[in-house]
Amino acid sequence: MSKTTLSNIIAGRRATPDHIRKLIALGVPAELLPEPRAPGKPGPKRRARIR
């Protein structure tokens, strides 16, 4: 896990359940971690550009 990902998790911007599980497995107390967010829906697909 990168430093940037860890910073985003602590700031509450990227706390997926998978990230939280990995941090708990590494020994970080669950009380110090934010609640995991539910995975969001994927956005609309980009349209192909024809040139």
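Use the structure listed above.
I will try to describe carefully the structure that is included in this document. (Residues numbered from 1 in each chain as written. Predicted model: local features only at pLDDT ≥ 70, side-chain atom pairs only at ≥ 80, totals over all residues. Heavy atoms only, no water.)

**As for helix α2 (residues 17-25)**
Thinking step 1. Looking only at α2, the buried set comprises H19, I20 and L23. Within α2, the buried residues cover an arc of 100 degrees as seen down the axis, which keeps them to one side. α2 presents R21 and A25 as exposed residues on the side facing more than 90 degrees away from its buried surface.
Thinking step 2. In this fold, the buried residues of α2 make contact with α1 (3-10). (Buried < 20%, exposed > 50% of the residue type's maximum accessible area, 1.4 Å probe, protein only. Helix = DSSP H or I, 4+ residues; strand = E, 2+ residues; numbered from the N terminus. Arc of directions from axis to C-beta. Contact = heavy atoms within 4.5 Å.)

**A closer look at the pattern of salt bridges**
Thinking step 1. If you walk through the whole model with that rule in mind, you get two salt bridges.
Thinking step 2. Between R21 and D18 there is a salt bridge; the shortest N-O distance is 3.8 Å. With R21 and D18 both in helix α2 and three residues apart, this pair spans about one turn of that helix.
Thinking step 3. For D18, a relative accessible area of 37% corresponds to the partly exposed category. (Salt bridge = Lys/Arg side-chain N within 4 Å of Asp/Glu carboxyl O.)

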